[in-house]
Amino acid sequence: MLDTNKDSLKLEAMKRIVAMIARGKNASDLFPAVVKNVACKNIEVKKLVYVYLVRYAEEQQDLALLSISTFQRGLKDPNQLIRASALRVLSSIRVPIIVPIMMLAIKEAASDMSPYVRKTAAHAIPKLYSLDSDQKDQLIEVIEKLLADKTTLVAGSVVMAFEEVCPERIDLIHKNYRKLCNLLIDVEEWGQVVIISMLTRYARTQFLSPTQNESLLEENAEKAFYGSEEDEAKGAGSEETAAAALPARKPYIMDPDHRLLLRNTKPLLQSRSAAVVMAVAQLYFHLAPKAEVGVIAKALVRLLRSHSEVQYVVLQNVATMSIKRRGMFEPYLKSFYIRSTDPTQIKILKLEVLTNLANETNIPTVLREFQTYIRSMDKDFVAATIQAIGRCATNIGRVRDTCLNGLVQLLSNRDELVVAESVVVIKKLLQMQPAQHGEIIKHLAKLTDNIQVPMARASILWLIGEYCEHVPRIAPDVLRKMAKSFTAEEDIVKLQVINLAAKLYLTNSKQTKLLTQYVLSLAKYDQNYDIRDRARFTRQLIVPSEQGGALSRHAKKLFLAPKPAPVLESSFKDRDHFQLGSLSHLLNAKATGYQELPDWPEEAPDPSVRNVEVPEWTKCSNREKRKEKEKPFYSDSEGESGPTESADSDPESESESDSKSSSESGSGESSSESDNEDQDEDEEKGRGSESEQSEEDGKRKTKKKKVPEGKGEASSSDEDSDSSSSTSESEMTSESEEEQLEPASWRRKTPPSSKRAPATKEISLLDLEDFTPPSVQPVSPPAIVSTSLAADLEGLTLTDSTLVPSLLSPVSCVGRQELLHRVAGEGLVVDYTFSRQPFSGDPHMVSVHIHFSNSSDTPIKGLHVGTPKLPAGISIQEFPEIESLAPGESATAVMGINFCDSTQAANFQLCTQTRQFYVSIQPPVGELMAPVFMSENEFKKEQGKLMGMNEITEKLMLPDTCRSDHIVVQKVTATANLGRVPCGTSDEYRFAGRTLTSGSLVLLTLDARPAGAAQLTVNSEKMVIGTMLVKDVIQALTQ
Amino acid sequence: MIHSLFLINSSGDIFLEKHWKSVVSRSVCDYFFEAQERATEAENVPPVIPTPHHYLLSVYRHKIFFVAVIQTEVPPLFVIEFLHRVVDTFQDYFGVCSEPVIKDNVVVVYEVLEEMLDNGFPLATESNILKELIKPPTILRTVVNTITGSTNVGDQLPTGQLSVVPWRRTGVKYTNNEAYFDVIEEIDAIIDKSGSTITAEIQGVIDACVKLTGMPDLTLSFMNPRLLDDVSFHPCVRFKRWESERILSFIPPDGNFRLLSYHVSAQNLVAIPVYVKHNISFRDSSSLGRFEITVGPKQTMGKTIEGVTVTSQMPKGVLNMSLTPSQGTHTFDPVTKMLSWDVGKINPQKPPNLKGTMSLQAGASKPDENPTINLQFKIQQLAISGLKVNRLDMYGEKYKPFKGIKYMTKAGKFQVRT
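Criteria and cut-off values
Residues numbered from 1 in each chain as written. Chains lettered and ligands numbered in written order. Predicted model: local features only at pLDDT ≥ 70, side-chain atom pairs only at ≥ 80, totals over all residues. Heavy atoms only, no water. UniProt positions renumbered as here; feature names shortened; annotations may be inferred. Helix = DSSP H or I, 4+ residues; strand = E, 2+ residues; numbered from the N terminus. Buried < 20%, exposed > 50% of the residue type's maximum accessible area, 1.4 Å probe, protein only. Contact = heavy atoms within 4.5 Å. Areas by Shrake-Rupley, 256 points an atom, 1.4 Å probe, with all protein chains shown as cover. Pairing = 2+ DSSP bridges. Axes fitted to C-alpha atoms, helices over the stretch in contact; angles between N-to-C directions. Polar contact = N/O pair within 3.5 Å; in protein donor to acceptor, adjacent residues only side chain to side chain. Parallel < 35°, antiparallel > 145°, perpendicular 65-115°, else oblique. Nonpolar A, V, L, I, M, F, W, Y, C, P; charged D, E, K, R; others polar. Phe/Tyr/Trp six-rings, centres within 6.5 Å; stacked < 30°, edge-to-face > 60°. Lys NZ or Arg CZ within 6 Å of the ring centre and 35° of its normal. Salt bridge = Lys/Arg side-chain N within 4 Å of Asp/Glu carboxyl O. Expected span 1.5 Å × (residues − 1). Buried area = accessible area lost by both parts, 1.4 Å probe. pLDDT = per-residue confidence, 0-100.

With an unreviewed UniProt entry as reference, chain B is termed AP-3 complex subunit mu-2, source organism Macaca mulatta. Quoted verbatim from the Sequence similarities (unreviewed entry) field of UniProt, the annotation for chain B is "Belongs to the adaptor complexes medium subunit family."

A. The overall build of chain A, seen in detail. Counting secondary structure elements, chain A contains 45 helices and 15 strands. Per-residue burial for chain A yields a buried fraction of 58% across its 1039 residues. Long-range pairs, those at least 24 residues apart, make up 70% of the contacts in chain A between residues at least 6 apart in sequence. Accessible surface, chain A as shown: approximately 42500 Å² in total, 52% of it carbon and sulfur.

B. The overall build of chain B, seen in detail. Counting its secondary structure elements, chain B contains seven helices and 23 strands. Per-residue burial over chain B gives 56% buried out of 418 residues. Sequence separation of 24 or more characterises 69% of the internal contacts of chain B that already satisfy a separation of 6 or more. Carbon and sulfur atoms make up 52% of the accessible area of chain B, which totals about 17600 Å².

C. Just the sheet that holds strand S5 (residues 875-877) of chain A, in detail. Residues and elements named next belong to chain A. Spatially, five strands are ordered S1-S2-S3-S7-S5 in an open sheet, and the strand pairing comes out antiparallel. Pairing within the sheet leaves two strands with one partner each, and these edge strands are strand S1 (817-820) and S5. Between one strand axis and the next, the sheet turns through 35° on average, direction left out of account. Taken together, the three bridges between S5 and strand S7 (residues 890-898) define a ladder with antiparallel strand orientation. When the sheet's bridge partners are listed, glutamine 877 is paired in S7 with glycine 896.

D. View of the side chain of Asn359(A). Residue and element names in this part refer to chain A. As for its placement among the helices and strands, asparagine 359 is situated in the loop between helix H20 (344-357) and helix H21 (363-374). For asparagine 359, the side chain forms a polar contact with the side chain of threonine 361, separated by 2.9 Å. In contact with asparagine 359, not counting residues within four places along its chain, are Arg326, Glu330 and Ile396.

E. How the structure looks around the environment of Asp342(B). Residues and elements named next belong to chain B. Counting through the fold element by element, aspartate 342 comes out in strand S19 (residues 338-344). By relative accessible area, aspartate 342 is classed as partly exposed at 40%. Separated by 14 residues in the primary sequence, aspartate 342 and glycine 328 place their C-alpha atoms 5.5 Å from one another.

F. Layout of the packing of helix H1 (residues 7-23) of chain A against helix H4 (residues 106-116) of chain B. Viewed as axis vectors pointing N to C, H1(A) and H4(B) meet at an angle of 70°, and their least axial separation amounts to 9 Å. By the angle between their axes, H1(A) is roughly perpendicular relative to H4(B). Residues Lys15(A), Val18(A), Ala19(A), Ile21(A) and Ala22(A) of H1(A) form the contact with H4(B), whose participating residues are Val106(B), Val107(B) and Tyr110(B). By residue class, the composition of the contact of H1(A) with H4(B) is seven nonpolar, no polar and one charged.

G. Spatial organisation of the packing of aromatic side chains. In this structure the tally under the stated criterion is 24 aromatic pairs over all chains. Between the aromatic rings of Phe370(A) and Tyr373(A), the centroid separation amounts to 6.1 Å while the plane-to-plane angle is 45°, which identifies the pairing as tilted. Of this pair, Phe370(A) and Tyr373(A) are both found in helix H21, three residues apart, which corresponds to roughly one turn of the helix. The residues Phe370(A) and Tyr373(A) share a single accessibility class, namely buried. Aromatic pair Tyr180(B) and Phe402(B): ring centres 6.1 Å apart, planes at 65°, arrangement edge-to-face. Linking Tyr180(B) in strand S8 (residues 178-191) with Phe402(B) in strand S23 (residues 402-416), this pair joins segments that are 222 residues apart in sequence. We classify Phe402(B) as exposed; its relative accessible area is 51%. Members of the aromatic cluster, joined through ring pairs, are Trp190(A), Phe78(B), Phe82(B) and Phe121(B). A cation over a ring is seen here: Arg55(A) above Tyr56(A), with NZ or CZ 4.6 Å from the ring centre. Directly above the ring of Tyr407(B) sits Lys388(B), whose terminal nitrogen or CZ lies 5.9 Å from the centroid.

H. Region of interest: the pattern of salt bridges. This model, assessed by the stated rule, comprises 39 salt bridges over all chains. We note a salt bridge from Asp257(A) to Arg178(A), for which the minimum N-O separation is 2.8 Å. Here Asp257(A), found in helix H14 (residues 256-265), pairs with Arg178(A), found in helix H10 (residues 177-183); they are 79 residues apart in sequence, far enough to count as distant. Residue class for Asp257(A) comes out buried when judged on its relative accessible area of 0%. Arg178(A) sits in the buried class, given a relative accessible area of 5%. Between Glu17(B) and Arg26(B) there is a salt bridge; the shortest N-O distance is 2.6 Å. On the basis of relative accessibility, which here comes to 4%, the residue Glu17(B) falls in the buried class. Under the relative-accessibility criterion, Arg26(B) is labelled partly exposed at 28%.

I. Here's a closer look at helix H24 (residues 416-430) of chain A. Residues and elements named next belong to chain A. In this model H24 runs 21 Å from its N-terminal to its C-terminal C-alpha over 15 residues, within 8% of the 21 Å that 1.5 Å per residue would give. When you tally the buried positions in H24, you get twelve out of 15 residues, the bulk of the element. By the burial criterion, the buried members of H24 are Val418, Val419, Ala420, Glu421, Ser422, Val423, Val424, Val425, Ile426, Lys427, Leu429 and Leu430.

J. Expanded view of the interface of chain B and chain A. Facing 90 residues of chain B, the contacting portion of chain A comprises 85 residues. In total, about 8000 Å² of surface goes out of reach between chain B and chain A, with carbon and sulfur atoms giving 56% of it. In this structure, Glu189(A) and Arg85(B) form a salt bridge, with 2.5 Å as the shortest nitrogen-oxygen distance. Where chain B meets chain A, there are 31 residue pairs in polar contact (both at pLDDT 80 or more). Here the element with the most residues in the side of chain B that touches chain A is helix H2 (residues 76-94) of chain B; it accounts for eight residues. Of the residues in the side of chain B that touches chain A, the class split is 43 nonpolar, 22 polar and 25 charged.

K. The arrangement of the pairing of strand S2 (residues 828-838) of chain A in detail. Residues and elements named next belong to chain A. Of all eleven residues making up S2, eleven are buried, and the element is well covered by its neighbours. Pairing of S1 with S2, which is carried by three bridges, proceeds in the antiparallel orientation. Each bridged residue has a counterpart across the sheet, and for leucine 820 the counterpart in S2 is valine 830. Examined bridge by bridge, S2 and strand S3 (residues 846-854) share eight bridges and lie antiparallel to one another. Bridge assignment links aspartate 831 to a residue of S3, and that residue is histidine 851.

L. Examining the side chain of Asp342(A) more closely. Residue and element names in this part refer to chain A. Relative to the assigned elements, aspartate 342 resides in the loop between helix H19 (326-329) and H20. Residue class for aspartate 342 comes out buried when judged on its relative accessible area of 7%. Side chain to side chain, aspartate 342 and lysine 350 meet in a polar contact 3.0 Å long. Ignoring anything within four residues of it in the chain, the contact list for aspartate 342 reads Lys347 and Lys350.

M. Structural detail: the sheet that holds strand S18 (residues 329-333) of chain B. Residues and elements named next belong to chain B. Here we have nine strands laid out as an open sheet, ordered S11-S13-S9-S8-S23-S21-S16-S19-S18, and mixed in their pairing. Looking at strand neighbours, the two that pair on one side only are strand S11 (228-233) and S18, the edges of this open sheet. Along the sheet, successive strands turn relative to each other by an average axial angle of 15°, direction set aside. In this structure, S11 lies alongside strand S13 (residues 255-264), joined through five bridges in antiparallel fashion. Within S13, the position partnered with valine 231 by the bridge is tyrosine 262.

N. A look at unusual backbone geometry. Residue and element names in this part refer to chain B. The phi angle at asparagine 119 is positive, at roughly 55°, despite the residue not being glycine. By secondary structure assignment, the location of asparagine 119 is in the loop between strand S6 (117-118) and strand S7 (121-122). Of note in the backbone geometry, lysine 337 takes a positive phi value of approximately 60° without being a glycine. Structurally, the position occupied by lysine 337 is in the loop between S18 and S19. Classification of lysine 337 by relative accessible area gives buried; the value is 14%.

O. Focus on the confidence of the model for chain A. Residues and elements named next belong to chain A. Of all residues in chain A, 71% have pLDDT values of 70 or greater, and the mean over the chain is 71. The low-confidence segment residues 214-250, where pLDDT is below 50, has 52 contacts with residues more than four positions distant or belonging to other chains. Note that residues 614-814 has pLDDT below 50 and, in this model, 309 contacts with residues that lie over four places away or in other chains.

This is the structure in structure tokens:
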């Protein structure tokens, strides 16, 4: 049929042939006929021909060569799938002659465009290797090339090839280690298994053992935990930094690469594939510090629900793990309870695990469970349970007696097997404390009549012999009985009879001399040579004779030496030197091709081998992209940060304006700097921002680089807040809105932190304009903050000052308003400014800085706020009493006033010990609001809602002096505490804020036309505020 | 890795063999047969059998042994997991996985196996991709094939293998777009003689049947995701989203698949929906024993318990049983000593009851152990853990799919010790 032209007939024929192959029948006679069809057009015929070819090519090499040209043609096909399948079949034909062709094909395919073809090439490598191992060197080259591949499709296959061809060439992994770790989660599950087990071995050679110094571990774990917040920005650079920043101060520091591996494999515990879960579990078991191994327990317990074969393998591994790390599985004790429907092998393994897990606290429950098991119908299982009880008894001294009693009760069981097993276990237990258990031995002695199982009989005899002093009467009697039945006993029993006889002869020769002689003579003619030997040997020893005198004198010592109690231990005890989850571990024997799990190195090998040059590294290019992306985003942010800044400090001060302009020109940094109101800070700031201006571009770059790098690492340290907020400032645009809306919440979070330390740090940060990122990191690692975190930290710096008012230095004086004149105040001068910082106690309050200075000759004492007389709704949060103000001194205090969104004055009394002054603070309308950050779209949306009555529009002419961008912005923000909204067009300015008390939006738009004409629009629910604001702003702009 | 695969039926015939590397002789299976004999019961055959040159790893499903032959060190779970995947694929292809079906479709089986492994390393194991490569046989297609002479082998190339979502085939089209999710929970419990719970846990799965056109992106959210303690996902689920928001976000494979399996945390007390009252006693002297079981509802949240079956392996000494059920039917197999009672629905007013006597082997002593009772039941429209799906949203496609969610509680390994 194969010769016909009809495809359907050919197909039918091929199907029959394949069916023959499947049944294992030989179809090799048809080879020539089949090979002809290799070029057949019909795909199914073709496929079946391939199946046939691969199966029989080895046997008919010459004929197989006929088909090669077809595949060679296929290798050049434009379709990647055809190329791949041609390579696949070609490499599957095991004909040594075509090795060069295969080699060529693999090399070509390894640099193919399509990852799928490259994957096939990776698959072909082990095939060729098994065909001709001389090609190894060339193949390693190909592997090396493919290892550098960045696609997930290839990764699994090439690591598999690596494992099969050159598992010892660990040096090939260095450069690809981080990539593999990062790709891992996206690789298909089979590849994951292979990669994980390879990485386990790799990690064992490259990192230090995490368990060698447990106490210091906590800290590291902590840090790494923060590190996990970042998603992808984990570039090579950051690791270097971290490695450099954490020098050998501590005895053990986990290599960041080590941590990377642990972190990236953890999600895979959730995989549906049992093999992957097991692979991760063994990785954690072998590599993770003790504290972290626990996470795998849950996943492993989950696998116990799976098919019984999976259970079998998992339980084997759990058994090994539970010996080493008992605590890990203790919470899951009940999951190992045995069901009557479990297959016996599973039952026994579960029993093993239960025994390993038993400890002082849970032993009662475990033993109760065991009791039910003993009554099971499955006798093998019952026997195993008795063994398990014995092991529990040896391990936990407290329950030994209970166990022993229980086992003795079992001696009356009807099932012989159970009894026998109990005897054996009892024997072992008794050995530990024989003195107290004469009764049990007697009981056992009685049982010799009934028990037939040789092992049990032997055990009883041994026991009696060993402790014949405790049962002096019964022992000879037992020997008598045994002598009677000696010939009928099993070998093992006979040996013990001889043993017993010898021991009795030595201790009680009067009664037993004849019996012993008799037994020995019986043994002398036994069929088994072991027994004959033993008899002869014993006779020589115990019966005094002429030559052996020397020995027989010591016979007692020889026979009745105290023997150490046997240790009942798990058969899984030392299995963990095999890599868990491996075949070798399961069999407890080395399988072919098993790669020994190396021990941890003493000294960590150089971690820098894993560093990769930037261009090779995919993530790096990501970072580059990110940088690009961030630039526009960044310049948006400057406008926003501008207002915050001017709110914080006085805009008119020289240094401020400097820093301000710099902020306009592009670095968002200055805003956080300006939070610091220290005098010398101001100076520093000035310097810093000047230099910034000059260095602007370069610096921005370095800073940008820094931001993604150390992400998250420094966020742990509070002292760092300043530097971190300055670096992260650029990131905080979107989230900062949130920050402004909920000032109270973040203010509460802020811990009081010392101000000095951050200040100095900041200086260092600023002064080093073109530092190289890794080396100059401050002691604590670089600040990397997620946006929300940035907001938090921002708040932190802001509130520093409010929380520690005594440290505040006076804000430069231009924005000050007089509260109390020198004359009226009799030497006490009081000024106030609106600090524009959120008030720490109540978000609805405007925070007012009050500056006192004493220009009189006498100290002023007991400065405080007296009974305020306030209009409805207005409330005051008083400042803490100032105890004393020496002549010439000045002090600052912060108070909060809730103006209730009105410009009514707050009247209150300012009291000293001697006088009371009536004062009032009337806020400008611009101070009744706080900036809000929003996007242009949001702005437009909100504006749309506030039309009509709520919109106030006014036309104005901008004077020449205030046509430049930053002056306009500065003037508006100086007048009103608003935040700038990024804006698409150049001559439009938008600002947004919320009133403090009611939180209603205030939106301000300034549309500057050419030649100075401009239109000002304010949208606000509070029409009064709107009108006043328009007036104020126009006044500010036109002046 | 995997050298060869042998399929062996329960009577010990090798009815299919497939080799991915050089041929391994059938005789290697002799070791397996030896182990099989030693194990007496099929499920007791050790999954891993070492032989002098090879290792045999086997799984037993649908009364067929799937024996993989390997030569070098491989993680055993890797092979076992793969074998199970093979069985699942067969089941997916042919509906059932049994000896006659495999024999009938030997060519398709062979083609599928060829695609699943390359040189012993798994290549394509997602059933969506395999189906694109080799179309599963249907009656219609067989008829059409015989008439037109077209083939089972997909004529378009398997593009799915190359895509970023390898589990989904491309170009899916349906006229009715539907997505069904079944939340199925199983209660595993061991109940003590006195009726108190020794251990009980809930294991749940969400099985989905998604037939949606194009490349839909689904999100599924729960009312109470905190209940889920330990979860494992189909690879399509975006792990990050789950970590951060506890939302399942995924591009589903086409057709049936298991989206998620979970474990309900052990802290939550498990409501046991049924109780079993039993009174089984053997007397030493007489050759008769009394037997009585009553099954009744307990904590069912107002739902009816259906499909109740009680099975129990009686001790060897029991010769026969004469029982009368108040409802349902019962059988006792005197050879295997297996008692099974098909109860059906439980009426809370009249709890079903099975009562009668056992005749014991004369002269034999009474068995040590009372039989364990295994229980099966189903409760529709209830997830016993209280898990509730909040909503299902679809993005990426324009049409409105039909969505359905079904809850069900079942007994898993539910045993009552007596």
